[in-house]
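One-letter residues, chain by chain:
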Amino acid sequence: MWVGREKEIAELRCFVASGSMKASLMYGRRRIGKTTLVKKVLDESGANYIFFEALESDYQKNLDSLTALFAEKLSMQLGSYRSFLDAFSILKVVSEPLVIVIDEYQYLKQSRPKGEVDSEFKQVIDNLPEKAKLVLTGSYVTIMKELLEEDNPLFGRFSLVQNLRELDYVRCRRFYQHRSISEAVGIHAVFGGSPYILGAYDESRNLEENIKALLLNDTGTARTYIEFVLFKEVGKVGVLNDILNAIGNGKLRYSEIESRLNMKSTGLLATYLELLKNMELIECIAPINNKRDKKKRFYAIKDNLVRFYYAYVYSNKSALQNIGEDLFYESYVRPSLDTFISYRFEAMARTYLMRRATAEKSTSVLDIGTYWYDDAQTKSNGEFDCVIRFKDHYAVYEVKHYSSPMTLAEIETEADKIRRIRELSPVEIGFVCSCGFESRPEGYDYITADDMYAV
């Protein structure tokens with residue numbers, strides 16, 4: 001669970017060792033590795049710590065449970081307290097450094113009216129003894145993000161804030177390093193970057209076998225993770241499932257989602273979409289050359305595993321149950337799996353270009369994303385999915401997920417299509433092809449899947 005988390009581990013080690021940093025906040029979806037990461041750093045550093053996992057229960061029960069841990073750690077007889085501020089006050093007797101970790105803080109936050117617990121923990125942090133540190137973690141991303149808002153009592157109280165996200169495609173490969181690059185592309189496209197899920201991936205099986213075992217089997221690790229763990233928060237608002245199902249493996253405009261769900265124009269959809277964005281389940285894709293045009297914004301599922309689930313499983317559960325995993329795979333998954341992977345390969349290509357620009361420390365790169373064109377001269381409009389905006393020009397990359405090398409004819413056809421868009425001139429042209437190129441005429445940038453994993 002800590003594979004690929006070198007940056008986060010280094011930050012936590014610095015926090016634990018620092019004499020001035022008092023409070024830390026870590027949040028991220030369930031099973032993303034928060035608890036494992038925190039305990040690993042504390043254990044390796046030899047730190048003296050108390051780990052408390054908040055319960056989905058009332059305020060007093062949580063307070064009594066934490067007090068009991070304090071009593072055990074300090075070898076003291078402690079009574080019942082009425083507030084966490086009172087309970088933390090007993091730490092003044094601590095003579096050695098002590099780290100207190102409160103896991104799933106959102107349950108404490110929800111146990112009292114809005115803001116009350118946050119206000120109390122503001123005082124806890126402000127009054128922490130010199131040798132004590134506090135780490136708050138939580139898995140309800142939307143709730144934990146509230147602690148960072150300016151009107152929240154805890155705003156500005158954290159010396160270290162970590163949003164533990166999924167691993168990118170390069171770091172994910174360490175979970176299946178014995179598979180080929182082409183296989184790695186497919187694995188990432190389907191299973192995404194959750195260390196918990198990747199830890200269950202069986203390298204001795206191919207992608208098809210793992211999809212059947214982990215996603216199509218109703219007791220598979222990935223399936224149960226989505227249905228019983230990840231969507232515990234989503235399930236509180238039923239329409240969120242409908243929105244994710246409507247988007248599936250594509251990307252839709254606001255009006256298209258509204259139409260598919262037959263929702264009246266009340267503005268509620270905007271609220272739901274914002275909630276899904278805060279959960280980091282979807283993203284709003286706006287062209288880098290016109291981010292303010294709402295008509296050219298698209299919504300897509302951000303998480304690869306979630307995308308696969310809604311593209312294939314969610315609305316076809318009855319069929320899956322009736323015909324079984326093998327026939328379901330042949331009938332529902334196999335015919336379009338290459339298309340599914342190709343969409344995610346485009347996102348991987350954008351990630352690669354961002355990583356490359358960072359590694360090269362290029363100061364002329366302003367943005368990387370999609371580009372929408374309305375070319376009056378050619379009377380055409382459309383979108384390029386992988387574009388770099390420089391200070392004085394653009395670079396357009398055509399991305400192809402192929403099982404064979406891109407041909408010279410395809411290269412020249414795509415290049416000519418890009419050159420015809422006058423509003424892009426002058427333009428650099430590049431190609432990303434998973435299986436490489438038959439030939440490489442001069443004047444273009446060429447990137448293969450091997451290049452993408454070599455960064």
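No experiment lies behind these values; they were computed from the predicted model shown. (Residues numbered from 1 in each chain as written. Predicted model: local features only at pLDDT ≥ 70, side-chain atom pairs only at ≥ 80, totals over all residues. Heavy atoms only, no water.)

Colleague: Describe in detail the overall build of the protein, supporting the description with residues and values.
Modeller: Counting secondary structure elements, the protein contains 19 helices and 13 strands. Here the C-alpha atoms of the protein give a radius of gyration of 25 Å, agreeing with the 23 Å that 2.2 N^0.38 yields for 455 residues. Projected onto its principal axes, the C-alpha coordinates of the protein cover approximately 80 × 55 × 50 Å. In the protein, once contacts between residues fewer than 6 apart in sequence are set aside, the share between residues at least 24 apart is 66%. As displayed, the protein offers around 21,100 Å² of accessible surface, 46% of which is attributable to carbon and sulfur atoms. (Helix = DSSP H or I, 4+ residues; strand = E, 2+ residues; numbered from the N terminus. Rg over C-alpha atoms; globule rule 2.2 N^0.38 Å. Contact = heavy atoms within 4.5 Å. Areas by Shrake-Rupley, 256 points an atom, 1.4 Å probe, with all protein chains shown as cover.)

Colleague: Help me get a handle on the pairing of strand E9 (residues 365-375), residues and values and all.
Modeller: By the criterion of burial, E9 is predominantly enclosed, with eight of the eleven residues buried. Looking at chain direction, E9 and strand E10 (residues 380-390) are connected through nine bridges and run antiparallel. The residue of E10 that forms the bridge with Val-365 is Phe-390. Hairpin connection, E9 to E10: the antiparallel pair is bridged by four residues, and Lys-379 has positive phi, about 50°. (Buried < 20%, exposed > 50% of the residue type's maximum accessible area, 1.4 Å probe, protein only. Pairing = 2+ DSSP bridges.)

Colleague: So what's going on with the pattern of salt bridges? Residues and values would help.
Modeller: Using the criterion set out here, one finds 36 salt bridges in the structure. Lys-212 is paired through a salt bridge with Glu-208; the nearest N and O atoms lie 2.9 Å apart. With Lys-212 and Glu-208 both in helix H11 (residues 207-216) and four residues apart, the pair spans about one turn of that helix. Just as Lys-212 is buried, Glu-208 falls in that class too. (Salt bridge = Lys/Arg side-chain N within 4 Å of Asp/Glu carboxyl O.)

Colleague: Lay out the sheet that holds strand E8 (residues 298-301) with the relevant residues and their values.
Modeller: The strands making up a sheet associate through hydrogen bonds between their backbones, and the pairing can be parallel or antiparallel. Taken in spatial order, the three strands line up as E6-E8-E7 in an open sheet, and their pairing is antiparallel. This sheet does not close on itself; its edge strands, each paired only once, are strand E6 (251-252) and strand E7 (282-285). By the bridge criterion, four bridges tie E7 to E8 in an arrangement that is antiparallel. Note that in E8 the partner of Ile-285 across the bridge is Phe-298. The sheet strands contacting helix H15 (residues 268-278) are E7 and E8, and the helix crosses E7 at an angle near 110°. (Axes fitted to C-alpha atoms, helices over the stretch in contact; angles between N-to-C directions.)

Colleague: Help me get a handle on the side chain of Ser-18, residues and values and all.
Modeller: Within the secondary structure, Ser-18 is located in the loop between helix H1 (6-17) and strand E1 (23-27). A distance of 3.1 Å separates a polar atom in the side chain of Ser-18 from the backbone nitrogen of Met-21. (Polar contact = N/O pair within 3.5 Å; in protein donor to acceptor, adjacent residues only side chain to side chain.)

Colleague: Break down the environment of Ser-439 for me, with residues and values.
Modeller: Residue position: Ser-439 is located in the loop between strand E12 (427-433) and strand E13 (445-448). For Ser-439 and Phe-228, which are 211 residues apart along the polypeptide, the C-alpha to C-alpha distance reads 49 Å.

Colleague: Any details on H1? Residues and values, ideally.
Modeller: Between its first and last C-alpha atoms H1 spans 16 Å; for twelve residues at 1.5 Å apiece the expected length is 16 Å, and the two agree. Taken together, the buried positions of H1 are occupied by Glu-8, Ile-9, Leu-12, Phe-15 and Val-16. Summarising the axial view, the buried residues of H1 lie within an arc of 125°, below the 170-degree limit, and thus occupy one face. In H1, the exposed positions angled more than 90 degrees off the buried face are occupied by Lys-7 and Ala-17. Where H1 is buried, its residues meet E1, helix H2 (34-45), strand E4 (132-138), strand E5 (160-163) and helix H8 (169-172). (Expected span 1.5 Å × (residues − 1). Arc of directions from axis to C-beta.)

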